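# Observations on chain architecture
One letter stands for each residue in the lines below.
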Amino acid sequence: MKRYSLFYFIGQAFRGLWRNGVMSFASIAILMSCLVVIGGFTLLVYNIDVNLEDFGLQNEIIVYLNFDLEEEAIVAIGDKLDSLDHVESVTRTTKSQALQQMKQEYEVYADVTEEENPLSDSFTIIYQENEKVPELKYQIQQIEGYRKLSDKADLASTLESFKNGIMLIFIWFLAILVVVSVFIIVNTIKLSVFARRHEISVMRYVGATGWFITLPFVIEGIIIGLVSSITAYFVEWYFYSYIETMATEDMKMITIASFDSIYLYVLIGFIGLGVLTGIIGSSISLGKYLKQ
Amino acid sequence: MIDFVNVKKAYPNGTFALKGVNLHIDDGEFVFIVGHSGAGKTTLMKLLLREERPTSGKLIVGDYNLTEMSNFKVPYYRRELGVVFQDFRLFPKKTVYENVAFAMEVVGTPKKMIRRRVPAILNTVNLAEKQDSFPQEISGGEQQRVALARALANNPKIIIADEPTGNIDPKMSLEIMNLLIKINKLGKTVIVVTHEKNLVDYYKQRVVHLKDGLITEDKVGGMFQ
Ligand SMILES: Nc1ncnc2c1ncn2[C@@H]1O[C@H](COP(=O)(O)OP(=O)(O)OP(=O)(O)O)[C@@H](O)[C@H]1O
Ligand SMILES: [Mg+2]
């Protein structure tokens, strides 16, 4: 940036934005709406995940053992489970741990002593693929000492496919919205270039370099991206907090990730996507000048 | 040094504007290019400016081989040229001073240098006292002198003027032409495309005649015909 201050380019960029204010405003409004929708989808998918985990539905089978097993036999079963294909991890819950949990959750267990413990040891298996569950279940059932198992694979896969459906719509939406945003930015920058065509032509005759001519317009695109993404962030924040409050007060069933825990990702994601869109849009409309 | 070797130029629509031009211009020469409308004069200028590229043949300007030059070199090449158009192409919202300074700003000339050089150039074109005027406040001839000052701003080796007097009255034209001669005497190569018979005949410089995309005559002290 030989001897040239960035301020010159930023100044030119703001002049351009100001000059075709209506188009600049329209691009910002559209890019912002796109980001809000994209953000909304992402947060929806994210929250489905959070809930899947919360319900303990995700990729989890609990294997309950016979009541009268020796410690060695239990450990042996654990090792066997661990060695099965598609098993990611195996965690043991002893019957006394199980009793403690029950005591915490249900009052009727309050007076139950260790000697009276009606529960058995169990293993919690985290597996890798939903499709392998039937095979895995069959193999578990062959193990000696197995009493019963509980898996919510069906429910999990229903939710999973719901999520995948949303993801699919989301990807299409994303593609369309990005194209729309790029399109409007391309046209905004084109107008801006058009307004300065006279200046640009003189610049080219006196030997200004391609990047010198185009940088103000790229910065214009970046500013559009930045303003859109920051506005989108606040809009998303507002809506999300609204839903968050509603969900925590009225629908205790559902867990909603708090905005505080995700705000940074939302902000960075928005800015990244917004600025990228701005750069792509302006580069497309400037192609011929970059080549000289 | 400028060398056109069998240069042909066809536009995308199929028009052959130049049909094999051979032209050699030495450093420090003054050349008039004349010819009827559509002869290919502007096309010749556009090739020199690297606004268009030859369809075939060879074009060399100083250290630059325009037929092989890559795009990123074009801006640096153009700093060796100063160009003046019939329609001046000044910025109406910039003063005379700012119009000239602009050419230096956009190639990254330091401010200090600009402040020193602009008044000197305006002096060369006899416009020192008009530096704070806006283009619409000065005459056509003066505007063209501003354009000429801008063309000189980056100290080019070659000045190219396509009908520089086309939009100004005869008395003013003479002034512009005198300036171009003066600039030539300062050591710059000057190429002037013109329709003005009187001027060409008066100055007795080298005259190159173009006709239908070919050079039909090239004579020092030539006449317009
Ligand atoms: N961009 C273009 N596309 C197609 N044909 C063109 C283009 N520019 C010029 N021509 C054609 O090329 C020929 C030469 O044009 P050019 O502009 O070089 O002539 P000229 O000598 O400058 O004429 P004038 O004296 O009228 O300015 C003409 O037949 C013109 O119609
Ligand atoms: Mg012409």
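Calculation rules
Residues numbered from 1 in each chain as written. Chains lettered and ligands numbered in written order. Predicted model: local features only at pLDDT ≥ 70, side-chain atom pairs only at ≥ 80, totals over all residues. Heavy atoms only, no water. Domains from an automatic or database assignment. Helix = DSSP H or I, 4+ residues; strand = E, 2+ residues; numbered from the N terminus. Expected span 1.5 Å × (residues − 1). Buried < 20%, exposed > 50% of the residue type's maximum accessible area, 1.4 Å probe, protein only. Contact = heavy atoms within 4.5 Å. Pairing = 2+ DSSP bridges. Right-handed = clockwise from strand over helix to strand, strands pointing away. Salt bridge = Lys/Arg side-chain N within 4 Å of Asp/Glu carboxyl O.

Moving on, we come to the domain arrangement of chain A. Segmentation of chain A into domains returns domain 1 (6-55 + 158-290) and domain 2 (59-151). Between domain 1 of chain A and domain 2 of chain A, the C-alpha centre-to-centre distance is 48 Å.

Here we come to helix α4 (residues 111-124) of chain B. Residues and elements named next belong to chain B. Taking 1.5 Å per residue as the helical rise, α4 with its 14 residues ought to reach 20 Å, and the 20 Å between its terminal C-alpha atoms agrees with that figure. When α4 is considered as a whole, its buried residues turn out to be Ile 114, Val 118, Ile 121 and Leu 122. Looking at the buried side of α4, the elements it contacts are α3 (96-105) and α5 (140-152). Remark: Asn 126 follows α4 within two positions and exhibits a positive phi of approximately 60°.

With that out of the way, let us pick up the pairing of strand β8 (residues 189-193) of chain B. Residue and element names in this part refer to chain B. Within β8, 5 of the 5 residues are buried, which leaves the element mostly enclosed by the surrounding structure. A two-sided burial pattern is seen for β8, the buried positions comprising Thr 189, Ile 191 and Val 193 on one face and Val 190 and Val 192 on the other. One ladder, built from 4 bridges, connects strand β3 (residues 30-34) with β8; its direction is parallel. Within the sheet, the bridge partner assigned to Ile 33 lies in β8 and is Val 193. Pairing analysis gives 5 bridges linking strand β7 (residues 158-162) to β8, with the strands arranged parallel. From the neighbouring strand, Ile 158 faces β8, where its bridge partner is Thr 189. For the handedness criterion, the β-α-β arrangement of β7, helix α6 (residues 170-185) and β8 is classed as right-handed.

A word on the pairing of strand β3 (residues 122-127) of chain A. Residue and element names in this part refer to chain A. Burial within β3 is extensive, with 5 of its 6 residues counted as buried. Here strand β1 (residues 60-65) pairs with β3 via 5 bridges, running antiparallel. Considered in β3, the bridge of Glu 60 is made with Ile 126. Bridge count for strand β2 (residues 87-93) against β3 is 6 bridges, and the pairing is antiparallel. Paired with Thr 91 across the strands is Thr 124, a residue of β3.

Opposite charge on two side chains makes pairing possible when the charged atoms of those side chains draw close. Within the structure shown, the criterion is met by 13 salt bridges over all chains. A salt bridge links Lys 163 of chain A to Asp 49 of chain A, with the shortest nitrogen-to-oxygen separation between them at 2.7 Å. Linking Lys 163 of chain A in helix α6 (residues 153-195) with Asp 49 of chain A in helix α2 (residues 21-54), this pair joins segments that are 114 residues apart in sequence. Note on Lys 163 of chain A: relative accessible area 10%, which makes it buried. Salt-bridge contacts for Glu 80 of chain B lead to Lys 157 of chain B; the nearest nitrogen and oxygen are separated by 3.1 Å. Remark: Lys 157 of chain B occurs in the loop between α5 and β7 and Glu 80 of chain B occurs in the loop between α2 (74-78) and β6 (81-84); sequence separation between them is 77 residues.

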